[in-house]
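Chain residues, written in single-letter form:
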Amino acid sequence: QRVLPNAPLANYVEGFSSMGLMHLDRILRHMDEKLWYIKNYHTLEKAAHTFHMSELWSRASYYFHLLNANPMDVSMCGCITDVSNNDILPEIELLAKKIKFPG
């Protein structure tokens, strides 16, 4: 299965006070595993991607909380949540394939 319905648990080590150190620790613990995370990326590329995505998720969380506090009418957003028929899932699967098999 190329695209999972939910993100797997990241298995972060507790004891760090910031997400940045949790990310860095996880990357360094797996840095010698060629097939871990993004195939064919070097450690620095994995770190850059991880911090980029962390920033993206941090910014997106603002809008998630905003929408969660002010839910939309179900009839307005039915097409957005229907990932089986709105072409979002095939696009995500294509992106996953491009990441796994670059070139």
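Let me sum up the structure you'll find in this document. (Residues numbered from 1 in each chain as written. Predicted model: local features only at pLDDT ≥ 70, side-chain atom pairs only at ≥ 80, totals over all residues. Heavy atoms only, no water.)

Quick word on the pattern of salt bridges
Two side chains that carry opposite charge are able to pair once their charged atoms sit near each other.
So, point 1. All told, the structure shown has 2 salt bridges when counted by the stated rule.
So, point 2. Two residues, Arg29 and Asp25, come together in a salt bridge whose shortest N-O distance is 2.8 Å. Residue Arg29 and its partner Asp25 are located together in helix α1 (residues 19-29), separated by 4 residues, close to a single helical turn.
So, point 3. When its relative accessible area of 38% is taken as the criterion, Arg29 is described as partly exposed.
So, point 4. We note a salt bridge from Arg59 to Glu55, for which the minimum N-O separation is 3.0 Å. Within this pair, Arg59 and its partner Glu55 are both found in helix α2 (residues 43-69), separated by 4 residues, close to a single helical turn.
So, point 5. Residue class for Arg59 comes out exposed when judged on its relative accessible area of 58%.
So, point 6. Note on Glu55: relative accessible area 41%, which makes it partly exposed. (Salt bridge = Lys/Arg side-chain N within 4 Å of Asp/Glu carboxyl O. Helix = DSSP H or I, 4+ residues; strand = E, 2+ residues; numbered from the N terminus. Buried < 20%, exposed > 50% of the residue type's maximum accessible area, 1.4 Å probe, protein only.)

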